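Descriptive structure summary
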Amino acid sequence: MSPLTLLLLFLATIAAMEGFAYVMHRWVMHGPGWFLHASHHSARTGFWEANDLYFVIFALPSILLLLGGVQWGWGSWATAVGAGIAAYGAIYLGFHDIIVHQRVKHRYVARSRYMKRIVQAHRLHHAVETKHGTVSFGFLIAPHPTALKQALAQRGRQGVRAAKGLEDAGAVD
């Protein structure tokens with residue numbers, strides 16, 4: 001494969017991972033996988049939470065594809081896809097765990113419209129403590145916070161934690 005084809009495959013994999021992450025978050029993590037993900041919707045008691053196992057689970061295909069492409073002769077396509085999955089994981093780690101949840105302390109403050117929207121959408125997602133009634137399952141692409149607040153209101157604020165959740169995640173244009 002040409003370097004340009006491999007680069008396009010790498011970038012397409014990163015883009016496709018947002019769709020995969022949405023599906024897994026909405027129908028697996030907030031479905032049968034809630035037994036692990038519930039820890040992410042409650043106060044953390046230490047650095048690690050059960051939900052962190054998803055990071056390991058989702059890294060396995062990337063590791064397998066990278067090994068297949070580099071060591072086992074599967075072809076450069078496998079390396080490009082494995083690297084794309086790993087790149088999405090690194091982007092997700094940076095946005096989700098570091099910027100939004102501040103698992104590594106920093107002084108970064110979201111100032112761009114895009115970053116504010118992503119952070120607010122995720123905070124509105126976390127306003128709900130239960131498996132059901134949650135909004136905003138994607139991460140790098142998120143609906144406007146006003147639409148998310150309306151969706152929560154239409155659901156009768158089902159599962160929304162005490163008033164703090166929505167007030168802290170106020171929409172800013």
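Computed from a predicted model, the values in this text were never measured in an experiment.

Considering the layout of surface pockets
Looking at the largest pocket, its volume works out to about 650 Å³. Looking at the largest pocket, it is lined by 34 residues, and the ones nearest its centre are Tyr54, Phe55, Phe58, Tyr92 and Asp97. Elements supplying a minimum of two residues to the lining of the largest pocket: helix 1 (3-29), helix 3 (53-70) and helix 4 (76-100). By residue number, the principal contributor to the lining of the largest pocket is helix 4, which donates 10 residues.

So, the nonpolar core
Counting 26 residues, the largest nonpolar core has Val135, Phe139 and Leu152 as the members making the most contacts within it. At the level of elements, helix 1, helix 4, helix 5 (113-126) and helix 6 (145-154) are the ones that each hand at least two residues to this core. Among the elements that line this core, the one with the most residues is helix 4, at 7 residues. Not counting the four nearest positions on each side in its chain, Phe139 is found in contact with Glu18, Tyr92, Phe95, His96, Val100, Ile118 and His122.

Overview of the packing of helix 3 against helix 4
Where helix 3 meets helix 4, the axes come as close as 7 Å, and the angle between the chain directions of the two elements is 150°. Viewed along their axes, helix 3 and helix 4 adopt a mutual orientation that is roughly antiparallel. Considering how the two elements wind past one another, helix 3 and helix 4 form a crossing that is left-handed. Residues Phe55, Phe58, Ser62, Leu65, Leu66, Gly69 and Val70 of helix 3 pack against Trp77, Ala78, Thr79, Val81, Gly82, Ala83, Ile85, Ala86, Gly89 and Leu93 of helix 4.

Digging into unusual backbone geometry
One non-glycine residue, Gln102, adopts positive backbone phi at about 50°. Within the element layout of this structure, Gln102 appears in the loop between helix 4 and helix 5. Taking the relative accessible area as the measure of exposure, Gln102 reaches 30% and is therefore partly exposed. The backbone phi angle of Ser136 is positive, close to 60°, even though this residue is not glycine. Turning to its location among the elements, Ser136 is positioned in the loop between helix 5 and helix 6.

Definitions and cut-offs
- Residues numbered from 1 in each chain as written.
- Predicted model: local features only at pLDDT ≥ 70, side-chain atom pairs only at ≥ 80, totals over all residues.
- Heavy atoms only, no water.
- 1 Å grid on protein atoms, 1.4 Å probe; cavity = no way out; pocket = protein on both sides within 12 Å on 5 of 7 lines; lining within 4 Å.
- Points joined across faces, edges and corners; volume = space filled by probe spheres on them.
- Helix = DSSP H or I, 4+ residues; strand = E, 2+ residues; numbered from the N terminus.
- Core = buried A, V, L, I, M, F, W, Y, C linked by side-chain atoms within 4.5 Å.
- Buried < 20%, exposed > 50% of the residue type's maximum accessible area, 1.4 Å probe, protein only.
- Contact = heavy atoms within 4.5 Å.
- Axes fitted to C-alpha atoms, helices over the stretch in contact; angles between N-to-C directions.
- Parallel < 35°, antiparallel > 145°, perpendicular 65-115°, else oblique.
- Left-handed = near helix turned anticlockwise from the far one by under 90°.

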